[in-house]
Amino acid sequence: MPSYSAPVEDTLFLLNDVLGYQDHSELPGFADATPDLVEAILREGGKFAEEVAQPINLSGDQEGCTRSDDGTVTPPKGFKEAYEAFCEGGWGTLSADPDFGGQGLPHSLAVSFNEFISSANMAFAMYPGLTAGAVAALTLHGTDEQKQTYLPNMIAGTWTGTMNLTEPHCGTDLGLIRSKAVPQADGSYKISGTKIFISAGDHEMSENIIHLVLARIEGAPEGTKGISLFVVPKKLIGEDGSVGERNGVSCGSLEHKMGIHGNATCVMNYDNATGWLVGEENKGLRAMFTMMNEARLGVAVQGLSQSEVAYQNAVAYTKDRIQGRALTGPKAADKAADPIIVHPDVRRTLLQIRSFNEAARALVLWTALHGDVSHRSPDEKARTASDDMMGLMTPVLKGVLTDTGFANAVNAQQMFGGHGYIAEWGMEQFVRDARIAMIYEGANGIQALDLVGRKLPANGGRAVMSFFNEVGTFVKENAEDEAMQPYVEPLKASLDHLQQATMWFMNNAMKNPDHAGAGSVDYMHLFGLVGLGYMWAKIVKVVNAKLADGAGDKEEWLKAKLTFATFFMERTMPETAAHLARITSGADTIMALDAEAF
C-alpha cells in the first residue's frame, strides 16, 4: 500500500529561512501569519493530508465516480465525508477574502497546503481546487451582487465551482466555441451548448455547484472577440439566498479516462440554463484567464505533488527490496542480498527526483510570494514588478513542473520493477494521475508558445530582463565566495545559455515565426532549469550560513541538501547547453517535409 508524509520541515525551511516569508509582514494577511501560526497550519494541514485524504486515494482510484440513470453523480466512498472534514477545518478559507468569510492569510501559505493535499489525493484535491479558481474569477470580475450571492458559500465550501471552456470540436482554440447565450428581459441569459472534460462537473458533495461558462451572445463577433463569461448555478438561488429548483444544466455522461478516477470529469449539457454575465460582454476570455492562471499554478503544484509522493514511496521500497549485491562488495552480509539502494543507478534516479522536488517547491513558493506582493502591496512599483514575474513564470511552472513531475513518477515506478506495474503498490496510479497535468489548463506545448510569443516580448521584455537581472546580481554577489563556486558557476553558465537563446529568438523569430515554435518547448525547459538552479543556489547560501553558525541536530539534514544541490548542478544543469543547441538549430529541418511524408 502506498504512503505519504507531508514535507512540512522542508516547506518551513523554505518559507522562513530561504525566501524570507516574514520580510513581507507589512502586507495585509502576513502580519497575522506569524511563524508559530504558519507552522501550526502546515502541521495540521499535513496531518489532514496524511490521515484523511491519503487513505482514500487508492480506493477512490479503483472505485471511481458513478452516474445513475437520473444523472446523479456519486464520488467514491469516503470522498463526501473527507470533503465535509475539509470544510469543517476551514482549509478552503485560508487565503480567501475576509469580507466573504475567508481568513485572508497569504496565498503562498495556501499553496503549501495545496501541495500536501494534492500529493495525498490529487483527484480529491481538484474539487476544492476548481472552486478556488472560480472564486478568484468572481472576486475580480463579478458584480457586487454576484460576489455577495456566491462567494460566501463557495469560500465556506457549501457550494463548489467549475470552469467550462472545452467543447467537443474545440479545445485550445476557444474562438470556435458554439455555446450560445440568449439575452432575457430580466437581464439574465439562457445558455445552451455542450461542454466536455469538465472536472468536478457534477457530484453530491456540495449543496450547489457554480459553473463558470464561456458562451457567445447571439450576434456577437466571431472568434475570441465574441466570447463572454457567465455564472450558471446547478440549482437556482432565491432572492433570500436559498437553493431552489434544478437549473437547465446536467451531466450527460462521465468521461472514462486514464487517471484521476476519483474526480468526476463530466460532459455537461446546458439546455436553456439560466445564467448571468460576468464582466463585460465579449470580454469573457479576460475574465476566464483569471481562473485559468490560478488553475495553471495549481496544476504546476500537481506536477510537483505526484513527483514527491512517487519519490517517497520509491525511497521506502529501495531500502527494503533485497536484490543483488553492491558492485563494491556486500553491504548486508547477514542477508542473501543487499537492498537495491546500494546500486549507483538507483541512487542516481532517487537523487534526480529529490533534487528536482526541493528546487521546484522553492520555485513555486517564490512565485507564490510574488503573487501575494502583486495583490497586496501598497507600492505600485512592487505590485507591477511582481505581477510581471507571475505572468512570466506561470507557463514555465506549469510546463516544466508537470513534464518533469510525470517523468519522475515514471522513474520512481521503475524502482519497483514489475511491482510498480501492479495496482496494489500505487505507483502506476501516480503515473496515470500525473499524466493529465501535462495536458489540461493548456497543453504544455501551448504553455511554451505563450512564454515565447507573449510573455517574453510583453512590455518590451520588462519581466524577462528583471529575471535576468535578479539571477545575474545573485551570481555576482556570490562570485568570490569559494563555498558557493560549485553552484554559482553552473548557474552563471546556464543563465548565459538562456540569454543567448532569448537573443537568438529576437534575431530570428521575427523573420520566421516557425523558429519560435520549433524552439519554444526547449526554451521553456531551459528557463525552468535556470529558475530551479537559482533556487538551489539560494538554498545553499542559507545552508552554508547555518552550518557555519552550528546547526545542532539539523546538521546532517542540512548537509544532505548540499548533496542534492551538488547533484543538480553536476547532473541536471548541463542540460541547458543541449536545449540551447536545439533552439539555435531553428525550424528548417522540422518544417522541411510535406505532411504526406510523415
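How each quantity is defined
- Residues numbered from 1 in each chain as written.
- Predicted model: local features only at pLDDT ≥ 70, side-chain atom pairs only at ≥ 80, totals over all residues.
- Heavy atoms only, no water.
- Helix = DSSP H or I, 4+ residues; strand = E, 2+ residues; numbered from the N terminus.
- Rg over C-alpha atoms; globule rule 2.2 N^0.38 Å.
- Buried < 20%, exposed > 50% of the residue type's maximum accessible area, 1.4 Å probe, protein only.
- Contact = heavy atoms within 4.5 Å.
- Lys, Arg positive; Asp, Glu negative; His and termini not counted.
- Charge placed at Lys NZ, Arg CZ, Asp CG, Glu CD.
- Salt bridge = Lys/Arg side-chain N within 4 Å of Asp/Glu carboxyl O.
- Polar contact = N/O pair within 3.5 Å; in protein donor to acceptor, adjacent residues only side chain to side chain.
- Axes fitted to C-alpha atoms, helices over the stretch in contact; angles between N-to-C directions.
- Parallel < 35°, antiparallel > 145°, perpendicular 65-115°, else oblique.
- Nonpolar A, V, L, I, M, F, W, Y, C, P; charged D, E, K, R; others polar.
- Phe/Tyr/Trp six-rings, centres within 6.5 Å; stacked < 30°, edge-to-face > 60°.
- Expected span 1.5 Å × (residues − 1).
- Arc of directions from axis to C-beta.
- Pairing = 2+ DSSP bridges.
- Core = buried A, V, L, I, M, F, W, Y, C linked by side-chain atoms within 4.5 Å.

Trainee: Got a minute to help me understand the overall build of the chain in this structure?
Mentor: Check the secondary structure of the chain and you find 17 helices and 11 strands. Relative to the compact-globule value of 25 Å for 598 residues, the chain shows a C-alpha radius of gyration of 24 Å, a close match. Principal-axis analysis of the C-alpha atoms gives the chain an extent of 80 × 60 × 60 Å. When the 598 residues of the chain are sorted by exposure, 56% land in the buried category. Restricting the contact set of the chain to residue pairs at least 6 apart, pairs at least 24 apart contribute 73%. For the chain, the centre of its 48 positive side-chain charges and the centre of its 74 negative side-chain charges are spaced 4 Å apart.

Trainee: Sorry, what's going on with the pattern of salt bridges here?
Mentor: Close approach of charged atoms lets side chains of opposite charge pair. Counted according to the given criterion, the structure contains 25 salt bridges. Between Glu-115 and Arg-361 there is a salt bridge whose closest N-O contact spans 2.9 Å. Separated by 246 residues along the polypeptide, Glu-115 in helix 5 (residues 107–120) and Arg-361 in helix 9 (residues 344–376) bring together distant segments of the chain. In terms of burial, Glu-115 and Arg-361 fall into one category: buried. Through salt bridges with shared partners, a single ionic network connects Glu-9, Glu-39, Arg-43 and Lys-554.

Trainee: Please explain the side chain of Gln-447 as it appears in this structure.
Mentor: Mapping Gln-447 onto the fold places it in helix 12 (residues 444–455). The buried category is assigned to Gln-447, whose relative accessible area is 1%. In this structure the side chain of Gln-447 is engaged in a polar contact, spanning 3.1 Å, whose partner is the backbone oxygen of Glu-441. When near neighbours in sequence (up to four residues on either side) are disregarded, Gln-447 contacts Arg-296, Pro-395, Lys-398, Glu-441, Gly-442 and Met-524.

Trainee: What should I look at first to understand the packing of helix 14 (residues 485–508) against helix 17 (residues 575–584) in this one?
Mentor: Axes are the key here: two packed helices are described by the angle between their axes and the distance separating the axes. Contact geometry of helix 14 with helix 17 gives a least axis separation of 9 Å together with a crossing angle of 10°. When the interaxial angle is binned, helix 14 and helix 17 end up roughly parallel. Taking contact as the criterion, the partners of Ser-494, His-497, Gln-500, Ala-501, Trp-504 and Phe-505 in helix 14 are, on helix 17, Thr-576, Ala-577, Leu-580, Ile-583 and Thr-584. A per-class count over the contact of helix 14 with helix 17 returns six nonpolar, five polar and no charged.

Trainee: Would you explain the packing of aromatic side chains in this entry?
Mentor: How two aromatic rings sit relative to each other is set out by the distance from centre to centre and by the angle between their planes. Applying the stated rule across the entire model yields 22 aromatic pairs. With a centroid separation of 6.3 Å and 90° between ring planes, the pair formed by Trp-366 and Tyr-534 is classed as edge-to-face. Residue Trp-366 is located in helix 9, and its partner Tyr-534 is located in helix 15 (residues 513–549); the two are separated by 168 residues in the primary sequence. Here Trp-366 matches Tyr-534 in class, with each residue buried.

Trainee: Please clarify how helix 13 (residues 462–477) should be interpreted in this entry.
Mentor: Every α-helix carries 3.6 residues per turn, so stepping three or four residues along brings you back to the same face. For helix 13, spanning 16 residues, the distance from its first C-alpha to its last is 22 Å, which sits close to the expected 22 Å at 1.5 Å a residue. Along helix 13, the positions that sit buried rather than exposed are Ala-463, Val-464, Phe-467, Phe-468, Val-471, Gly-472, Phe-474 and Val-475. On an axial view of helix 13, the arc spanned by its buried residues comes to 160°, and they lie on one face. For helix 13, the exposed residues set more than 90 degrees away from the buried face come down to Asn-469, Lys-476 and Glu-477. Next to the buried residues of helix 13 lie helix 9, helix 10 (380–414), helix 14 and helix 15.

Trainee: Mind showing me how you'd approach the pairing of strand 4 (residues 180–183) here?
Mentor: Strand residues, when the strand is regular, have side chains that alternate between the two faces of the sheet. Note that strand 4 and strand 5 (residues 189–199) share four bridges and pair antiparallel. Within strand 5, the position partnered with Lys-180 by the bridge is Ser-192. Turn length for the strand 4-strand 5 hairpin, with the two strands adjacent in sequence and antiparallel, is five residues, and the turn residue Gly-187 shows positive phi of about 95°. In this structure, strand 4 lies alongside strand 6 (residues 208–217), joined through two bridges in parallel fashion. Bridged to Ala-181 within strand 6 is Ile-217.

Trainee: What exactly am I supposed to notice about the pairing of strand 5 here?
Mentor: As defined by bridge partners, strand 5 adjoins strand 11 (residues 265–278) across eight bridges and the pair is classed as antiparallel. Bridge pairing in strand 11 links Ser-199 to Thr-265.

Trainee: Help me understand the nonpolar core in this model?
Mentor: For soluble globular proteins, nonpolar side chains are generally found buried alongside one another. Within the largest apolar cluster, 150 residues are counted, with the highest numbers of intra-cluster contacts made by Phe-467 and Tyr-523. Counting residues per element, this core draws most heavily on helix 15, which supplies 16 residues. Here Tyr-523 is in contact with Leu-451, Val-452, Leu-456, Val-464, Leu-498, Ala-501, Thr-502, Phe-505 and Ile-583, once residues within four sequence places are set aside. Listed in part, the 35 residues of the second largest apolar core include Ala-134, Leu-229, Ala-437 and Tyr-440.

Trainee: Explain the packing of helix 10 against helix 13 here, please?
Mentor: Packing of helix 10 against helix 13 leaves a shortest axis separation of 9 Å and a crossing angle of 95°. Overall, the two elements helix 10 and helix 13 adopt an arrangement that is roughly perpendicular. Along its contact with helix 10, which presents Thr-384, Asp-388, Met-389, Leu-392 and Met-393, the element helix 13 presents Arg-462, Ala-463, Val-464, Ser-466 and Phe-467. Considering only residue class, the contact of helix 10 with helix 13 consists of six nonpolar, two polar and two charged.

Trainee: Got a minute to help me understand the environment of Ala-560 in this structure?
Mentor: One can find Ala-560 in helix 16 (residues 555–572). Considering only alpha carbons, one finds Ala-560 and Ala-595, 35 residues apart in sequence, at a separation of 51 Å.

Trainee: What is the right way to read helix 4 (residues 79–88) from this model?
Mentor: Three or more residues of helix 4 are buried, namely Phe-79, Ala-82, Tyr-83 and Phe-86. Viewed along the axis of helix 4, the buried residues span an arc of 100°, placing them on a single side of the element. Exposed residues pointing more than 90 degrees away from the buried face of helix 4 are listed as Glu-81 and Glu-88. Positive backbone phi, at 70°, marks Gly-90, one or two positions downstream of helix 4.

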